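# Residue-level structure breakdown
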There are 2 protein chains.
Amino acid sequence: AWGSSRRCRWASIPGPNMREAASMYGTAVAIFLVILVAGTLELSWNVSYVQEDVHFQLLVRGLKAGVLFGMSDRGELENADLVVLWTDGGRSYFADAWSDQKGRIHLDNQQDYQLLQAQGTPDGLVLLFKRPFATCDPKDYLIEDGTVHLVYGILEEPFQSLEAINISSLHTGLQRVQLLKPEVPTPAVPADTRTMEIRAPDVLIPSEETTYWCYITELPQGFPRHHIVMYEPIITEGNEALVHHMEVFQCTATFESFPHFSGPCDSKMKPQRLSYCRHVLAAWALGAKAFYYPEEAGLAFGGPGSSRYLRLEVHYHNPLKIPGRRDSSGIRLYYTATLRRFDAGIMELGLVYTPVMAIPPKETAFVLTGYCTDKCTQLALPSSGVHIFASQLHTHLTGRKVVTVLARDGRETEIVNRDNHYSPHFQVGRRVTPPPGDVLITSCTYNTEDRKLATVGGFGILEEMCVNYVHYYPQTQLELCKSAVDPGFLQKYFHLVNRFNSEDFCTCPQATVPQQFASVPWNSFSRDVLRALYAFAPISMHCNRSSAVRFQGEWDLQPLPEIVSTLEEPTPHCPTRGAQSPAGPTVVNIGRGRA
Amino acid sequence: AWGSSRRCRWASIPGPNMREAASMYGTAVAIFLVILVAGTLELSWNVSYVQEDVHFQLLVRGLKAGVLFGMSDRGELENADLVVLWTDGGRSYFADAWSDQKGRIHLDNQQDYQLLQAQGTPDGLVLLFKRPFATCDPKDYLIEDGTVHLVYGILEEPFQSLEAINISSLHTGLQRVQLLKPEVPTPAVPADTRTMEIRAPDVLIPSEETTYWCYITELPQGFPRHHIVMYEPIITEGNEALVHHMEVFQCTATFESFPHFSGPCDSKMKPQRLSYCRHVLAAWALGAKAFYYPEEAGLAFGGPGSSRYLRLEVHYHNPLKIPGRRDSSGIRLYYTATLRRFDAGIMELGLVYTPVMAIPPKETAFVLTGYCTDKCTQLALPSSGVHIFASQLHTHLTGRKVVTVLARDGRETEIVNRDNHYSPHFQVGRRVTPPPGDVLITSCTYNTEDRKLATVGGFGILEEMCVNYVHYYPQTQLELCKSAVDPGFLQKYFHLVNRFNSEDFCTCPQATVPQQFASVPWNSFSRDVLRALYAFAPISMHCNRSSAVRFQGEWDLQPLPEIVSTLEEPTPHCPTRGAQSPAGPTVVNIGRGRA
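Keep in mind that this is a model prediction, so the values were computed, not measured.

Procedures and definitions
Residues numbered from 1 in each chain as written. Chains lettered and ligands numbered in written order. Predicted model: local features only at pLDDT ≥ 70, side-chain atom pairs only at ≥ 80, totals over all residues. Heavy atoms only, no water. Pairing = 2+ DSSP bridges. Helix = DSSP H or I, 4+ residues; strand = E, 2+ residues; numbered from the N terminus. Axes fitted to C-alpha atoms, helices over the stretch in contact; angles between N-to-C directions. Buried < 20%, exposed > 50% of the residue type's maximum accessible area, 1.4 Å probe, protein only. Polar contact = N/O pair within 3.5 Å; in protein donor to acceptor, adjacent residues only side chain to side chain. Core = buried A, V, L, I, M, F, W, Y, C linked by side-chain atoms within 4.5 Å. Contact = heavy atoms within 4.5 Å. Least-squares fit on C-alpha atoms with pLDDT ≥ 70 in both. Buried area = accessible area lost by both parts, 1.4 Å probe. Salt bridge = Lys/Arg side-chain N within 4 Å of Asp/Glu carboxyl O. Nonpolar A, V, L, I, M, F, W, Y, C, P; charged D, E, K, R; others polar. Parallel < 35°, antiparallel > 145°, perpendicular 65-115°, else oblique. Left-handed = near helix turned anticlockwise from the far one by under 90°. Expected span 1.5 Å × (residues − 1). pLDDT = per-residue confidence, 0-100. Disulfide = S-S within 2.5 Å.

## Side note on the sheet that holds strand E16 (residues 243-250) of chain B
Residue and element names in this part refer to chain B. Read across the open sheet, the five strands follow the order E17-E14-E21-E16-E18; overall the sheet is antiparallel. Only two strands of the sheet have a single neighbouring strand rather than two, namely strand E17 (262-264) and strand E18 (279-285). The sheet shows a mean angle of 15 degrees between the axes of neighbouring strands, taken without regard to direction. With three bridges connecting them, strand E14 (residues 210-218) and E17 associate as antiparallel partners. Paired with Trp-213 across the strands is Pro-264, a residue of E17.

So, in structure tokens, the structure goes:
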């Protein structure tokens, strides 16, 4: 059955990821392929949500002495869950193994990878093996939604045993994928689809680490109402590493016209009016592919009542401060005049970009949380709720996990999107959840072990964000629903930490919040109390329309939503291990068919 | 083999519990028996530390329709790990089951209790079954050192299925045991052993909830040096529920004589000098049995250089304030003139009895920690260290877990004693660990869900303690090595909580610490910051000799010992489940031999 199954490059399956849609196919499984090493290793896989297992097919071209393949938390070869194919010079073996924190490989007590077939083909050796999502072996990786860091290594020579393999001497690598990404049929693009490129032509990328470039363009005169049905990034060749993220905004219809501009968004030359261009039409970040709307919805633009003016924002990340680089990156919109049933919308959840939300240095897993309160959703969302069909998570460099969860009456009810192995370099719209909307809680977990000072919230690449762009329909006026701690309570925090420590530090009123954070003596008390502050102090809510105007109401000093019951981690379903599981390595007859 | 094995009542196996001693017996296993319901249920068990499993033998006298038996966190029938023998009227079944938080019974996905034999005997039905310590099934109880709460129930009528069993309609009960209590041969009592009863004769128990009664007695003139080799409680019949704990102290030899006294320890009539009677000779608390010294050691008393005067302290717990009750409880000492190789000592670890250590109300698992710092052990312990052969954990009513751990250079190295299911009503000396001594950290976990105000440290039954009486040899001058947070830092805490809350509360300097705690508004911030305070603030050390005099040195404002590496919970060794494990209930042929 495998041979006849559809294969497609993983890179070509973009768009929203619908578990629900996949379940329509019953036991039909999705099949994905990723090239691990061009010309050498090729992985296809195949997910059964019914059996809760993954079938892997690893094609090894030009096999030398073996190969190792597996998964680890963030793509490291230490503490990895591995399968190893190796030879001692005579026989070849296949085994479930794991590497310890020093990278030494050990045979797993439980053999959870089960070899189904090892076959020589004209292309190379094909290994077919399967593994349950959860094995309940503490040495094993738990396969779940979100990013999975695949690791691999090529064995060039025989090893007498697993323990003899020296990882540091191997050619190894890493590939980020979503293993549990059910195949969603790419929605058909209507026959009348046209494209439009929103690009800032010939930008001279500043030799600064962080630049947000603003460019104003406009739709043709009399451009009627259309639906965007898909968009994709256009990256100027050679600048792939410099373009960190891009967004297309529509300006407000309040003003008849907007001045043209192309320059840094924080430039003093930037016309004030451009801050009224905040309605998101498209958002892309490093690692994401094309974005498709579901067949029943599209993002409206053009026509009466909407502005012709668009703002493109490009975040250039130029850490080497390379001078003289020119760029014309942007976004290509695919749109149709045949309006779909629903207007789609994009809503920004998480934390306001402000330094009051900060992470102490040397933290391994510090959590910051942004709220979209019931007060805001009650005002802004229709009584029937909204349908969320995709979401894009975003942090900067220290982000490790991101989750958005729905809560009602203090009880968490559903996860909107979660990535427990989030990588700032791999950001794809993924989970889909049906409506309603009371409180939306977005939490990001950060690792600041390599930082010496506090990491504050902000736009810079060394500052942090905690954002989830939620795609939904029907469209509402709500553009942004984010929070931050009340600044007055943060000042109380600085005072009390000062009082508690013998050494005084600067809490002078003229100091900026980043300066105040920089002078906090970080000990267990100041860390714990900052955590306690964020878990207790009232928040300032940003509950904004696309016009950048807040919805009417009191949004400062709002009580923190109280959560009395959290969603339990699902108890992993441990597989029943029977006679089929081998107790140790399996001898493999390479090139002679079945193992 | 079972029939011929030694059986003894659990109640008659007292004394220190030595894993090391047991290991001398190789694979020999200890066998224990406990009567669950007199005349109905009798449980024997049998531990294999090599196989890491427990064999249970349940004798059911006068079987009606079945029986359920199992283990749960604190003896409740909800969230319990169960085996059930039941009949649907026709066949009888045996199965591994579990009860949910509402007490509904479900079949376990993993059948980890394995029925080995079901046999009708003249005494009744004998069920023989086994279970590994750890099953790696999240629904199962983890069998470990410390208290295990056994639960049982009698089925009086057939049930169609497990799910149909209504626990609330059954006759059920609870028995606390130490399942993993290797059989240690009771050390032989020397032929020349004599006994002495230390009792306060004919005390009129005050009709107060908490009374510490002090009674002074003396050894005979010229009583030579002896070794106490065992002691046991003597409880006046009928007062079993009123006598909470008892201790025998020896007075200091500094004073030639001590006045006689029999009265409440806090009485104004109590002679001042009695506070110099603090060297512990024997300590007993509710639930404990006789205490045996190992054959190489005994507790010295009598002879030149030691005081003839003894103080008996009895903690009467009289919550119903029953008047007119008379009591002559005390402790019976067994002693020998044939001195053993080592003088034993008793050292008190944990928290000082002071209200500065407090637990907020409505906490499910609040941890308080007491330290015996390296500075104190360096001064007080011999360079070769001491050998700890027993330890007695003690808290009051809200204590749920107690652990003492050794640490050196910031790294935890060994557990001295731990009980994860600690019950204030079940306190027995248990774990044994070989020497050294740098930092000794004693942590107690409290549950104050039923309290409305903070629970402060102190002597009252509604106040809390966190104590480990450590029995060791060779004897040293160190009587007490305990700590509490620095009171000045606690005052800073009250100030900052006051500052953070809009409502003012009394932090008037004339308020006592319990009054200050009583007026703290308990929210997430004040709770978290108290936790942060105890984890950060310097401590005041009590590093005391038996004369109640501190060792020389600076003991106030000591830095909290920093622990950079904690002992990892051992990864449970999950049993390999094979064809021998049934997938569901086993049909039992009652009365016809093997299952």
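## As for the side chain of Thr135(A)
Residues and elements named next belong to chain A. Tracing the sequence through the fold places Thr-135 in the loop between strand E9 (124-132) and strand E10 (148-155). Looking at Thr-135, the relative accessible area reads 2%, which means it is buried. One polar contact links Thr-135 to Asp-140, side chain to side chain, over a distance of 2.8 Å.

## What about the nonpolar core?
By size, the foremost hydrophobic cluster in this structure holds 72 residues, and its most contacted members are Phe517(A), Leu533(A), Phe517(B) and Leu533(B). Residues within four places of Leu533(B) in sequence aside, it is in contact with Phe500(A), Phe525(A), Val485(B), Phe489(B), Leu490(B) and Tyr493(B).

## Some points on the relation of the copies chain A and chain B
Take chain A, turn it by 179 degrees, move it 0.1 Å along the axis, and it overlays chain B with an RMSD of 0.1 Å. The superposition of one copy onto the other is thereby described by a two-fold rotation axis. Mapped onto chain B, 100% of the interface residues of chain A are again interface residues, and the two copies thus contact each other with one and the same surface.

## A look at the interface of chain A and chain B
Facing 23 residues of chain A, the contacting portion of chain B comprises 23 residues. Surface buried jointly by chain A and chain B totals about 2,100 Å² across both partners, of which 69% is contributed by carbon and sulfur atoms. Where chain A touches chain B, the interface holds zero salt bridges. The interface formed by chain A and chain B includes four residue pairs in polar contact (both at pLDDT 80 or more). Broken down by secondary-structure element, the contributors of at least two residues to the side of chain A that touches chain B are helix H3 (487-500) and helix H5 (524-534) of chain A. Here the side of chain A that touches chain B gets seven residues from one element, more than from any other, and that element is H3(A). Within the side of chain A that touches chain B, the residues separate by chemical class into 13 nonpolar, six polar and four charged.

## Brief notes about the packing of H5(A) against helix H5 (residues 524-534) of chain B
The interhelical angle for the contact between H5(A) and H5(B), taken along N-to-C directions, is 170 degrees, at an axis separation of 9 Å. Considering their axes alone, H5(A) and H5(B) lie roughly antiparallel with respect to each other. Here Phe525(A), Asp528(A), Val529(A), Ala532(A) and Leu533(A) of H5(A) lie close against H5(B), whose contacting residues are Phe525(B), Asp528(B), Val529(B), Ala532(B) and Leu533(B). In terms of residue class, the contact of H5(A) with H5(B) is built from eight nonpolar, no polar and two charged.

## So, H5(A)
All names here are of chain A. Across the eleven residues that make up H5, a large majority, eight, are buried. Residues of H5 that are buried: Phe-525, Ser-526, Arg-527, Val-529, Leu-530, Ala-532, Leu-533 and Tyr-534. One side-chain oxygen at the N-terminal end of H5 lies 2.9 Å from the backbone nitrogen of Phe-525; it belongs to Asn-523.

## Structural notes on the packing of helix H3 (residues 487-500) of chain B against H5(B)
Residues and elements named next belong to chain B. Taken N-terminus to C-terminus, the directions of H3 and H5 make an angle of 160 degrees; their axes are 11 Å apart at the nearest point. Classified by the interaxial angle, the pair formed by H3 and H5 is roughly antiparallel. Taken as a pair, H3 and H5 cross one another with a handedness that is right-handed. Residues Phe-489, Leu-490, Tyr-493, Leu-496, Val-497 and Phe-500 of H3 lie in contact with H5, whose contacting residues are Phe-525, Ser-526, Val-529, Leu-530 and Leu-533. Each residue belonging to the contact of H3 with H5 can be placed in one class, and the counts come to ten nonpolar, one polar and no charged.

## Concerning H3(A)
The end-to-end C-alpha separation of H3(A) is 20 Å, in line with the 20 Å expected for 14 residues at 1.5 Å each. The set of residues buried in H3(A) consists of Phe489(A), Leu490(A), Tyr493(A), Phe494(A), Leu496(A), Val497(A), Asn498(A) and Phe500(A). Buried residues along H3(A) sit in contact with helix H4 (513-518) and H5 of chain A together with H3 and H5 of chain B. Looking at where H3(A) begins, the residue whose side-chain oxygen comes 3.0 Å from the main-chain nitrogen of Gly488(A) is Asp486(A).

## Topic: the pattern of salt bridges
Within the structure shown, the criterion is met by 34 salt bridges over all chains. Measuring nitrogen to oxygen at the nearest pair gives 2.8 Å for the salt bridge that ties Glu218(A) to Arg308(A). In this pair, Glu218(A) is assigned in strand E14 (residues 210-218) and Arg308(A) in the loop between strand E20 (297-301) and strand E21 (309-317), connecting sequence segments 90 residues apart. For Asp343(B), the salt bridge goes to Arg225(B), with nearest N and O atoms at 2.3 Å. Placement of Asp343(B) in strand E24 (residues 342-343) and of Arg225(B) in the loop between E14 and strand E15 (226-234) is noted, with a sequence separation of 118 residues between them. Here the salt bridges do not stand alone but share partners, grouping Glu197(A), Arg199(A), Glu232(A) and Arg332(A) into one network.

## Details of the pairing of strand E8 (residues 114-120) of chain B
All names here are of chain B. Sheet topology places E8 next to strand E9 (residues 125-132); six bridges connect them, and they run antiparallel. Within E9, the position partnered with Gln-119 by the bridge is Val-126. Counted along the chain from E8 to the antiparallel partner E9, the turn is four residues long, and its residue Gly-124 has a positive phi close to 150 degrees.

## Quick look at the confidence of the model for chain A
All names here are of chain A. In the predicted model, chain A carries a mean pLDDT of 83, and the fraction of residues at 70 or more is 85%. Confidence scores differ between elements of chain A, with helix H1 (residues 19-23) showing the lowest mean pLDDT of 32 and strand E26 (residues 358-359) the highest of 98. Counted against residues more than four places away or in other chains, residues 1-30, with its pLDDT under 50, gives 71 contacts. In this model, residues 426-432 is a region of pLDDT below 50 whose contacts with residues beyond four sequence positions or in other chains number 47 contacts. What the predictor reports for the complex is a pTM of 0.77 with an ipTM of 0.72.

## Let's talk about the state of the cysteines
Residues and elements named next belong to chain A. Per the counting criterion, the structure on display carries ten disulfides over all chains. Each sulfur of the disulfide joining Cys-372 and Cys-481 lies 2.0 Å from the other. Judged by the sign of its S-S torsion, about 95 degrees, the bond between Cys-372 and Cys-481 is right-handed. Taken together, the positions of Cys-372 in strand E27 (residues 366-372) and Cys-481 in strand E34 (residues 478-485) put the pair 109 residues apart, joining distant regions of the chain. With a relative accessible area of 0%, Cys-372 lands in the buried category.

## A few points about the environment of Gln57(B)
Here Gln57(B) lies in strand E3 (residues 53-60). With 13 residues separating them in the primary sequence, Gln57(B) and Ser44(B) have C-alpha atoms 5.1 Å apart.

## Some remarks on the sheet that holds strand E25 (residues 345-351) of chain A
Residue and element names in this part refer to chain A. With respect to topology, five strands assemble into an open sheet ordered E28-E33-E25-E34-E35, the strand pairing being mixed. Both outer strands of the open sheet, strand E28 (387-394) and strand E35 (539-545), are each paired with one neighbouring strand and no more. Within the sheet, the average angular offset between the axes of one strand and its neighbour, ignoring direction, is 15 degrees.

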